[in-house]
Amino acid sequence: MPSVLNSTDNGSRAAAAAAVTVLPSRSRDRRDQAPQRDPGRPAVLTSAGLAVVLVGVLLPMVDFFIVNVALPTIDRDLHASPPLLELVVSAYASAYALLLVVGGRLGDTFGRKRLFLIGMTAFTLASLACGLAPTAIALVIARAAQGASAAMMVPQVLSTIQATTTGERRARALGRYGATGGIAAVAGQLLGGLLVSANIGGSGWRPIFLVNVPVGIVGLVLARRQVPDTRSDNAARVDYHGTAALGVTVLALLIPLTEGRSLGWPGWTIGLLAAAPLAAVVFAFIEIRQERSGRIPLVPPSLLRHRSMRSGLLMALPFFAGFGAFMFCYALLVQQGLHDSALAAGVALAPMAVVFLAASLSTPRLLRRFGAKVLAAGAILQGAGLIILGATVVATWPHVSLAWLVPGMVVAGAGQGLIMSPLFGLVLSEVPPASAGAGSGVLTTTQQVALALGVATLGSLFIALAGDGVGMRDGFLIVLAIQTVIAVGLAIGARWLPGWRRPRPAA
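Parameters at a glance
Residues numbered from 1 in each chain as written. Predicted model: local features only at pLDDT ≥ 70, side-chain atom pairs only at ≥ 80, totals over all residues. Heavy atoms only, no water. Helix = DSSP H or I, 4+ residues; strand = E, 2+ residues; numbered from the N terminus. Buried < 20%, exposed > 50% of the residue type's maximum accessible area, 1.4 Å probe, protein only. Contact = heavy atoms within 4.5 Å. Areas by Shrake-Rupley, 256 points an atom, 1.4 Å probe, with all protein chains shown as cover. pLDDT = per-residue confidence, 0-100. Core = buried A, V, L, I, M, F, W, Y, C linked by side-chain atoms within 4.5 Å. Salt bridge = Lys/Arg side-chain N within 4 Å of Asp/Glu carboxyl O. Axes fitted to C-alpha atoms, helices over the stretch in contact; angles between N-to-C directions. Parallel < 35°, antiparallel > 145°, perpendicular 65-115°, else oblique. Left-handed = near helix turned anticlockwise from the far one by under 90°. Patch = residues over 30% accessible without salt bridge, like charges linked within 9 Å, V, L, I, M, F, W, Y side chains within 5 Å.

Asker: Whenever I open this one, the overall build of the protein confuses me. Can you help?
Answerer: Looking only at helices and strands, one finds 18 helices and two strands in the protein. Counting the 507 residues in the protein, one finds 58% classified as buried. Here the contacts in the protein between residues at least 6 apart in sequence split such that 84% fall between residues at least 24 apart. Roughly 19,900 Å² of accessible area belongs to the protein as shown, and the carbon and sulfur atoms make up 66% of that amount.

Shown next as structure tokens:
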């Protein structure tokens, strides 16, 4: 749900200032092509073209959720250590986060349709590699490749919508984009549980990745025919140095946090942790130098001059870290602690996803009336849901029925839905229109890095407590308690966001 439902808010801003040039089609069969226009005139995205590009969003979104319910089965089949299971999740999110802005800028420069096709091809091949992975390490590498290819494909969708639609057509297209996120959240959990439980031909977890292959092939064929090509006349250069420095910083944190404990904290893990702040300093220096030279860095330091960005990023980092950790720990608790099936785990999450979507769709109207107080109310509601969930686990353990967990998860899901959309809109509300694309890229990158680090930190804590005698129940309760503290912090921190005293229109 996190990285997914709110990309509409940030991505549409990212594409807002792009100037469009239509690229001529090379196909001779014009009957099968999206409508063509004279050079220099905007292309029109047909309903069929919109459906095709939304498939390019649905696949990566589903893949983010689908793997959680399959983790215990992957563990049994590949004999993966708990740290490797964490990397199966976080490698995808990390690669996606690090290359997201790069993918958007490459599409602006070389053509969005071209990057969309390249990304979908790579995603399809990476999914095949995941499904055929012989070892846990091979699966982690293939998952990172999936995340990188998704970063090439997904940014082109919103840019294409923005460049080829106007007015009511654009509003409808963006609404369908948001709905796709809600469908992905539900479909990912349910489809993952169904495919794992079906154990098709004794293949276990592998169909959750292999199912992407035929869908990707059909999507490629249709995209060549139905999606118009656009690019920006003023594309920003890719900040390769900044991207590399950020990658080193994230990996220097991620690898030792996931692998250190199981390996007994050898010297190289301590060295990496010590190197992380130095890499962060180098990254900051590169970004400052890039901006002073007149180029657009990956993370423009000038954005942090805006109060909404400073406060919002400080709130987004722990919030998304907590969410990523919750999804990881929940899957292990249900299947390894409660000994329920992957399908049951997926079904139990579906009400949470549905309520999350409904709450997200209600936020524009609520924001117009209550401003940033909506976010504070959502944080209080999420905290209440987590408390209900924890109380249910304490009262019924070890004979916990998943049906008993639904009330707490529904309340928490409603709160999360009221947090995420306002968070994105309010964080960007003070950013000038000329910097909206850079601001949304920074926010989305922060979101994805936080998801990965949440699994690496709170996920590692949960595994350590579950294996060191504290017990899986108490480990899960501690993770819930930390999330509740984060929710309280969000409710308090919302007072420093724009629109607390005077409601502002939704972004």
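Let us keep going from here.
Asker: Would you explain the confidence of the model for the protein in this entry?
Answerer: Model confidence for the protein is summarised by a mean pLDDT of 81, while 86% of its residues fall at 70 or above. In the predicted structure, residues 1-39 sits below a pLDDT of 50 and forms 97 contacts with residues beyond four places in sequence or in another chain. Note on residues 503-507: pLDDT under 50 across the span, and 18 contacts to partners over four residues away in sequence or across chains.

Asker: Just to check I follow, could you spell out the environment of A245 for this structure?
Answerer: Mapped onto the secondary structure, A245 falls in helix α11 (residues 240-259). Judged by relative accessible area, which is 9%, A245 ranks as buried. Distance in space between the C-alpha atoms of A245 and F283 is 5.1 Å, their sequence separation being 38 residues. Sequence-distant contacts of A245, defined by excluding residues within four places in its chain, comprise A279, F283 and I286.

Asker: Is there a simple way to think about unusual backbone geometry in this case?
Answerer: Leave glycine aside and you will find that most residues have negative phi; peptide bonds, for their part, are mostly trans. Of the consecutive residues W397 and P398, the connecting peptide bond is found in the cis state with omega at 5°. Tracing the sequence through the fold places P398 in the loop between α15 (373-396) and α16 (402-427). Residues other than glycine seldom take positive phi values, yet H79 does so here, at roughly 55°. Counting through the fold element by element, H79 comes out in the loop between α4 (71-78) and α5 (82-110).

Asker: Even after reading the chapter, I still don't get the nonpolar core, so can you show me in this structure?
Answerer: Buried together is how nonpolar side chains tend to be arranged in soluble globular proteins. Counting residues in hydrophobic clusters, the biggest one holds 142 residues, and the most contacted among them are L139, F320, F326, F328 and F476. With 16 residues, helix α13 (residues 307-337) is the single largest residue contributor to this core. Among all residues touching F476, those that are not within four sequence positions of it are F326, C329, Y330, L333, L389, V393 and F462.

Asker: Sorry, what's going on with the pattern of salt bridges here?
Answerer: Oppositely charged side chains may form a pair once their charged atoms are brought near each other. Summed over the entire model, instances satisfying the criterion amount to four salt bridges. Across the pair D77 and R206 runs a salt bridge whose closest N-O atoms are separated by 3.7 Å. Highlighted residues: D77 in helix α4 and R206 in the loop between α8 (167-198) and α9 (207-210), separated in sequence by 129 residues. Given the relative accessible area of 18%, R206 is considered buried.

Asker: Could you clarify how one ought to interpret the packing of α5 against helix α6 (residues 112-131) in this entry?
Answerer: Contact pair α5 / α6: the axes reach a minimum separation of 8 Å and the direction vectors enclose 150°. What the angle tells us is that α5 and α6 run roughly antiparallel. Relative to α6, the crossing made by α5 is right-handed. Taking contact as the criterion, the partners of Y92, L106, G107, D108 and F110 in α5 are, on α6, R112, R114, L115 and F123.

Asker: Is there a simple way to think about a nonpolar patch on the surface in this case?
Answerer: There is a patch of nonpolar side chains on the surface, built from L190, L191, L194, V211, L343 and V347 and spanning about 410 Å² of accessible area. Elements with a minimum of two residues in the nonpolar patch: α8 and α14 (342-370). Sorting elements by how many residues they give to the nonpolar patch places α8 first, with three residues. Among the structural elements, L191 can be located in helix α8.

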